[in-house]
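Understanding the architecture of this molecule
If you want the building blocks of each chain, they are given just below.
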Amino acid sequence: LLTGMEPGHALLMHGPFGNGFSLPDTGVVPIMVIGGSGFPPLLFLSGRTRACQRLFIGSKNKESMPPAGVMRRFREKAEKMHIATEDGSQGKRGLVTVDLEAYIGNLKKDAKTVIYACGPRPMLAAVSKIAADSSIPCYVTMEERMACGFGACMGCSVAVKAGGYKRVCKEGPVFDSREIEWNAECGVRNAE
């Protein structure tokens, strides 16, 4: 429908829905972990925070990396960027979570950090585990198929550890990573 729109056409829109990332407290270093096409929310957050940032960007290959203009904007705010591609065509070969885990392992115990992540679910689960193992707050943006976008259809629900589900469009898309039931598949909680 949008491709058929021409200048001058009216468009009825609703939004924004849900919640976004909270800015880090003063003195807290934000660590941003970006996977695949998960860069837009973190690009926006990066532009709003004053703190120097650590960026971890990963994708399948060089062609799947964020566009050059986006990478330039990230570099302007980043203290350091870690880049990994699964095929090794840009940055290190492998998963970006390997570099993240090494970096976190070298942090001082009293370092004040917070992790923000957006990308594919397996990456978010790995980032969540790394953060939990290091007692670092971690916030993730969940991506689910949305039919209605305002909480009525329940199609975007994700399982949470407290039991039950939360809607990505209403209670998300940003969640504290500790509340997500990462082992749940397609809205079905793990029986363990």
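Here goes a summary of the coordinates provided.

With that out of the way, let us pick up the pattern of salt bridges. Evaluated as defined, the whole model comprises seven salt bridges. Close ionic contact of Glu79 with Arg54 constitutes a salt bridge, the shortest N to O distance being 3.3 Å. Highlighted residues: Glu79 in strand E3 (residues 78–85) and Arg54 in strand E2 (residues 53–59), separated in sequence by 25 residues. Across the pair Arg121 and Glu144 runs a salt bridge whose closest N-O atoms are separated by 3.5 Å. Residue Arg121 is located in helix H4 (residues 121–133), and its partner Glu144 is located in the loop between strand E6 (138–141) and strand E7 (157–159); the two are separated by 23 residues in the primary sequence. Assessed through its relative accessible area of 26%, Arg121 is described here as partly exposed. By relative accessible area, which is 29% here, Glu144 ends up partly exposed.

Among all positions of helix H1 (residues 39–48), only Phe39, Leu42, Leu43, Leu45 and Ser46 are buried. Buried residues of H1, viewed axially, fall in a sector of 165°; they line one side. Within H1, the exposed residues directed more than 90 degrees away from the buried face are Phe44 and Gly47. On the buried face of H1, the contacting elements are strand E1 (29–35), E2, helix H2 (68–77) and strand E5 (113–118).

Taken in spatial order, the seven strands make up an open sheet running E4-E3-E2-E1-E5-E6-E9, and their pairing is mixed. Strand pairing shows two members of the sheet lacking a second neighbour, strand E4 (92–93) and strand E9 (174–176), which therefore form its edges. By the bridge criterion, two bridges tie E3 to E4 in an arrangement that is parallel. Bridge pairing in E4 links Thr85 to Arg93.

Here we come to the nonpolar core. Among the nonpolar cores identified, the biggest contains 26 residues, and Val33, Ile115 and Met142 are the most heavily contacted of them. Put simply, the parts of the chain that give this core at least two residues each are E1, helix H3 (96–105), E5, H4 and E6. Looking at which element gives the most residues to this core, the answer is H4, with five residues. In contact with Met142, not counting residues within four places along its chain, are Arg121, Leu124, Val158, Val168, Pro173, Phe175, Ile180 and Trp182. Grouped together as the second largest cluster of nonpolar side chains are 21 residues, Leu45, Met81, Cys118 and Val174 included.

Interaxial distance between H3 and H4 falls to 10 Å at its minimum, and their mutual angle equals 10°. As far as their axial angle goes, H4 and H3 are roughly parallel. Residues Val96, Thr97, Leu100, Glu101 and Ile104 of H3 form the contact with H4, whose own contacting residues are Met123, Ala126, Val127 and Ile130. Looking at the contact of H3 with H4, its residues break down into seven nonpolar, one polar and one charged.

Residues Gly172 and Pro173 are joined by a peptide bond in cis, for which omega reads 5°. Within the secondary structure, Pro173 is located in the loop between strand E8 (165–167) and E9. Look at Met154: it is not a glycine, yet its phi comes out positive at around 65°. Within the secondary structure, Met154 is located in the loop between E6 and E7. Residue Met154 is classed as partly exposed on the basis of its relative accessible area, which comes to 43%.

For any pair of aromatic rings, the description consists of the separation of the ring centres together with the inter-plane angle of the planes. Under the counting rule described, the total for this entry stands at three aromatic pairs. Aromatic side chains Phe21 and Tyr116 sit 5.3 Å apart centroid to centroid with 80° between the ring planes, which places their arrangement in the edge-to-face category. Residue Phe21 is located in the segment before E1, and its partner Tyr116 is located in strand E5; the two are separated by 95 residues in the primary sequence. Among the residues examined, Tyr116 registers a relative accessible area of 2% and is labelled buried. By the ring-pair criterion, three or more aromatic residues cluster together here, those being Phe21, Tyr116 and Tyr139.

Parameters at a glance
- Per-chain numbering applies: the sequence of each chain, read as written, is numbered from 1 onward.
- Per-residue local features of the predicted model are confined to residues with pLDDT of at least 70, and side-chain atom pairs are confined, for both listing and counting, to 80 or more; whole-chain, interface and lining totals are unaffected and use all residues.
- Hydrogens and water molecules were not included; the side-chain quantities draw on all heavy atoms of the structure.
- Counted as salt bridges are all cases of a side-chain nitrogen of Lys or Arg within 4 Å of a carboxyl oxygen of Asp or Glu.
- The helix and strand labels rest on DSSP assignments: H or I over at least four residues marks a helix, E over at least two residues marks a strand, and numbering proceeds from the N terminus.
- Each residue is assigned to one of three classes by its accessible area relative to the maximum for its type, calculated with a 1.4 Å probe on protein chains only: buried under 20%, partly exposed between the two thresholds, exposed over 50%.
- In this context, the arc is that of the directions from the helix axis out to the C-beta atoms.
- Note on contacts: a residue pair qualifies if any of its non-hydrogen atoms lie within 4.5 Å across the two residues.
- Should DSSP find at least two bridges between two strands, the strands are taken to pair.
- Among buried residues, the Ala, Val, Leu, Ile, Met, Phe, Trp, Tyr and Cys ones that are joined through side-chain atoms within 4.5 Å form a nonpolar core.
- Only the stretch in contact is used when fitting a helix axis, every axis being a line fitted to C-alpha atoms; angles between N-to-C directions are given from 0 to 180 degrees.
- Throughout this description, any angle smaller than 35 degrees is read as roughly parallel, any larger than 145 degrees as roughly antiparallel, any in the 65 to 115 degree range as roughly perpendicular, and the remainder as oblique.
- In this count, Pro and Cys sit with the nonpolar residues alongside Ala, Val, Leu, Ile, Met, Phe, Trp and Tyr, while Asp, Glu, Lys and Arg are called charged and the others, Gly among them, polar.
- Pairing of aromatic side chains here covers Phe, Tyr and the six-membered ring of Trp, requires ring centres within 6.5 Å, and sorts the geometry by plane angle: under 30 degrees stacked, over 60 edge-to-face, intermediate tilted.

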